[in-house]
Amino acid sequence: MKQQVTQSETSLPVIKQLKHSLYTNYAAMLLGFLQEAINDPPAAERYLVEVFNDLQPSDIEHITAPGANSFCRLQLFTRKKLAYIYETDGFKSNGKPGVPTTLTGNKLVNIMSTEQQHVFYGVYYQGKSISALATELNMPVATVRQLLKDSITLIRNKPL
């Protein structure tokens, strides 16, 4: 029986071109995001390469869909990759549960309490829901929401 060629195989050059276009247009901004998140420029560059290497044709089609904000979708993909990296790369928590050492060097994260850091990290980098964090921390949902709100307020009000 003859194998049929799938649409993704026929459009492979288009996918490569879209991937290259994503890299050209958004790699610099994504690298800035990673450097701020990781606080280690060489590691941020490695993770940027990993992000673009891990993009599958279905991911690229989703990111570049008509009417979509490509950078926001690419950043969301990167956040998921970053959460996976934090969980698997052996980042140490420095005595702060749920907060990797690399985040403790961030001047904006340092102004937060340990609970605020945990909630901020969980929501922003790991993509956890408020209710999941409330269960994990054994706190009411309203308390977790307030911790997240307070951490974002601290960041906004921090003088440069």
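Residues numbered from 1 in each chain as written. Predicted model: local features only at pLDDT ≥ 70, side-chain atom pairs only at ≥ 80, totals over all residues. Heavy atoms only, no water.

1. Digging into the overall build of the protein chain
The number of helices and strands found in the protein chain is 10 helices and 0 strands. Mapped in sequence order, the helices and strands of the protein chain form the string α-α-α-α-α-α-α-α-α-α. Contacts in the protein chain between residues at least 24 apart in sequence constitute 50% of all its contacts with a sequence separation of at least 6. (Helix = DSSP H or I, 4+ residues; strand = E, 2+ residues; numbered from the N terminus. Contact = heavy atoms within 4.5 Å.)

2. Observations regarding unusual backbone geometry
Phi angles above zero are rare outside glycine, and Asn 138 is one such case at about 55°. Along the chain, the position of Asn 138 falls in the loop between helix H9 (130-137) and helix H10 (141-157).

3. Some points on the side chain of Gln 116
With respect to the element layout, Gln 116 can be found in helix H8 (residues 114-124). Residue classification places Gln 116 among the buried residues on the basis of a relative accessible area of 10%. Gln 116 has contacts with Leu 147, Asp 150, Ser 151 and Leu 154, leaving out every residue within four places of it along the chain. (Buried < 20%, exposed > 50% of the residue type's maximum accessible area, 1.4 Å probe, protein only.)

4. Here we look at the confidence of the model for the protein chain
Averaged over all residues, the pLDDT of the protein chain equals 77, while 76% of them reach at least 70. No element of the protein chain has a lower mean pLDDT than helix H1 (residues 7-10), at 46, and none a higher one than H10, at 89. Predicted confidence for residues 1-10 stays below pLDDT 50, and this span has 1 contact to residues more than four positions away or in other chains. (pLDDT = per-residue confidence, 0-100.)

5. Focus on the packing of H8 against H9
Where H8 contacts H9, the two axes come as close as 10 Å, and the packing angle between them is 140°. Classified by the angle between their axes, H8 and H9 sit oblique to one another. As for the relative orientation of H8 and H9, their crossing is right-handed in sense. Residues His 118, Val 119, Gly 122 and Val 123 of H8 pack against Ile 130, Leu 133, Glu 136 and Leu 137 of H9. (Axes fitted to C-alpha atoms, helices over the stretch in contact; angles between N-to-C directions. Parallel < 35°, antiparallel > 145°, perpendicular 65-115°, else oblique. Left-handed = near helix turned anticlockwise from the far one by under 90°.)

6. As for the environment of Leu 74
Turning to its location among the elements, Leu 74 is positioned in helix H5 (residues 70-88). Each C-alpha atom, one on Leu 74 and one on Ile 60, is 8.8 Å from the other, the two residues being 14 residues apart in sequence.

7. Brief notes about the packing of aromatic side chains
All chains considered together, the criterion is met by 2 aromatic pairs. Ring geometry for Tyr 23 versus Phe 52: centroids 5.1 Å apart, planes at 80°, classification edge-to-face. Remark: Phe 52 occurs in helix H3 (residues 41-54) and Tyr 23 occurs in helix H2 (residues 12-38); sequence separation between them is 29 residues. With a centroid separation of 5.8 Å and an interplanar angle of 35°, the aromatic rings of Tyr 26 and Phe 71 are classed as tilted. (Phe/Tyr/Trp six-rings, centres within 6.5 Å; stacked < 30°, edge-to-face > 60°.)

8. Considerations on the packing of H8 against H10
Here H8 crosses H10 at 90°, and the two axes come no closer than 9 Å. One finds that H8 runs roughly perpendicular with respect to H10. Note on element contacts: H10 touches H8 through Val 144, Leu 147, Leu 148, Asp 150, Ser 151, Leu 154 and Ile 155, opposite Glu 115, Gln 116, Val 119, Phe 120 and Val 123. For the contact of H8 with H10, a count of residues per class yields 8 nonpolar, 2 polar and 2 charged. (Nonpolar A, V, L, I, M, F, W, Y, C, P; charged D, E, K, R; others polar.)

9. Thoughts on the environment of Val 123
Following the sequence through the fold, Val 123 ends up in helix H8. Val 123 sits 10 residues away from Leu 133 along the chain, and the two C-alpha atoms are 8.2 Å apart. In this view, Val 123 contacts Lys 128, Ile 130, Leu 133 and Leu 148; residues no more than four positions away in its chain are not counted.

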